[in-house]
Amino acid sequence: MAIKNKTTIYWTLLKDKDWSIYLAATSKGLVFVGSQNRPFEELSVWAERRFPGSSLVEDEEKLQPYSAELIEYFEGKRKSFTIPFDYNGTEFQLAVWNALCEIPYGQTKSYSDIANYIERPAAVRAVGAAIGANPVLITVPCHRVVGKNGSLTGYRGGLEMKTQLLDMERQGSADNE
């Protein structure tokens, strides 16, 4: 689903300890959080598909509020995000992404849990597709979704990144008990 109007997309490369992730935002909010250690092309290809003809402008200062919250998250000081989002999707995708934001820090849910939560119990595969289309990794925590038996399943950032995020959250949850 491409956005028709030409939009300026501001981006930066967030580097913090072990993390190296591209972030992008419009003037309205965060639109993209990239995968760990992936090249700029991940962002540029996504932007061209979602915002054809838009400008990509590097602007570390404009992305600072987003970077700051992600760094706090990586440091275990933040469990949820307050930054504005500007993600665009179908009504179904938005329902799924909003449901993901309800999964508590350090916990996981299955695809069928999400399907039941949005009152579409037969739509487990569609839930998986909507999760796979999530443009803002980490901040909309699709890494917290696992298979029904608890197994790790696909993740745009790769299973290594998913494991790293889940381990970090479990450690952070254990530290707060």
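Each value, and the rule that gives it
Residues numbered from 1 in each chain as written. Predicted model: local features only at pLDDT ≥ 70, side-chain atom pairs only at ≥ 80, totals over all residues. Heavy atoms only, no water. Helix = DSSP H or I, 4+ residues; strand = E, 2+ residues; numbered from the N terminus. Rg over C-alpha atoms; globule rule 2.2 N^0.38 Å. Contact = heavy atoms within 4.5 Å. Pairing = 2+ DSSP bridges. Salt bridge = Lys/Arg side-chain N within 4 Å of Asp/Glu carboxyl O. Buried < 20%, exposed > 50% of the residue type's maximum accessible area, 1.4 Å probe, protein only. Disulfide = S-S within 2.5 Å. Core = buried A, V, L, I, M, F, W, Y, C linked by side-chain atoms within 4.5 Å. Axes fitted to C-alpha atoms, helices over the stretch in contact; angles between N-to-C directions. Parallel < 35°, antiparallel > 145°, perpendicular 65-115°, else oblique. Nonpolar A, V, L, I, M, F, W, Y, C, P; charged D, E, K, R; others polar.

For the protein, the name recorded in an unreviewed UniProt entry is Methylated-DNA-[protein]-cysteine S-methyltransferase, with Peribacillus huizhouensis as its organism.

### Points about the overall build of the protein
When you go through the protein residue by residue, the secondary structure sums to 6 helices and 6 strands. Ordering the α and β elements of the protein from the N terminus gives β-β-β-α-β-α-α-β-α-α-β-α. Radius of gyration (C-alpha) of the protein: 16 Å, near the 16 Å computed for a compact globule of 177 residues. Overall, the C-alpha framework of the protein stretches about 45 × 35 × 25 Å when taken along its three principal axes. In the protein, of all internal contacts separated by at least 6 residues, the share reaching a separation of at least 24 is 61%.

### A short note on the pairing of strand E1 (residues 8–16)
As paired strands, E1 and strand E4 (residues 55–58) are joined by 4 bridges and run parallel to one another. Bridging from a neighbouring strand, threonine 8 pairs with serine 55 of E4. Pairing geometry for E1 and strand E2 (residues 19–25), over 7 bridges, is antiparallel. Paired with threonine 12 across the two strands is leucine 23, which belongs to E2. Linking E1 to E2, which pair antiparallel, is a turn of 2 residues; within it lysine 17 sits at a positive phi near 50°.

### Topic: the pattern of salt bridges
This model, assessed by the stated rule, comprises 7 salt bridges. The salt bridge involving arginine 170 is made with aspartate 167; its shortest N-O contact spans 3.5 Å. Separated by 3 residues within a single helix, arginine 170 and aspartate 167 lie in helix H6 (residues 159–175), roughly one turn from each other. Exposure remark for arginine 170: the relative accessible area of 43% places this residue in the partly exposed category. Each of Lys17, Glu75 and Lys77 takes part in salt bridges that share partners, so that together they form one network.

### Notes on unusual backbone geometry
For lysine 17, which is not glycine, the phi dihedral falls at a positive 50°. By secondary structure assignment, the location of lysine 17 is in the loop between E1 and E2. Among the residues examined, lysine 17 registers a relative accessible area of 68% and is labelled exposed. A positive phi is found at asparagine 37, a non-glycine position, where the angle reads about 60°. Note on placement: asparagine 37 falls in the loop between strand E3 (30–33) and helix H1 (40–50). We classify asparagine 37 as exposed; its relative accessible area is 56%.

### Considering the state of the cysteines
The tally for this structure, following the rule as stated, stands at 0 disulfides. Summary of cysteine pairing: cysteine 101 is not part of a disulfide, and the nearest cysteine sulfur, belonging to cysteine 142, is at 9.8 Å. The exposure class of cysteine 101 is partly exposed, given its relative accessible area of 38%. Its relative accessible area of 3% is what places cysteine 142 among the buried residues.

### A few points about the nonpolar core
One finds Phe74, Val96, Leu100, Val127, Ile138 and Leu165 to be the most contacted residues of the largest nonpolar core, which totals 41 residues. It is helix H3 (residues 91–100) that provides the largest number of residues to this core, a total of 5 residues. Aside from chain neighbours lying at most four places away, what touches isoleucine 138 is Ile21, Val33, Leu70, Tyr73, Phe74, Phe81, His143, Tyr155, Met161 and Leu165.

### Here we look at the packing of H3 against helix H5 (residues 124–132)
Running from N to C, H3 and H5 point in directions that differ by 80°, and their axes come no closer than 9 Å. Considered as vectors, H3 and H5 are oriented roughly perpendicular to each other. Each of Phe92, Gln93, Val96, Trp97 and Leu100 in H3 lies in contact with H5, whose residues at this interface are Ala126, Val127, Ala130 and Ile131. Taken together, the residues of the contact of H3 with H5 break down into 8 nonpolar, 1 polar and no charged.

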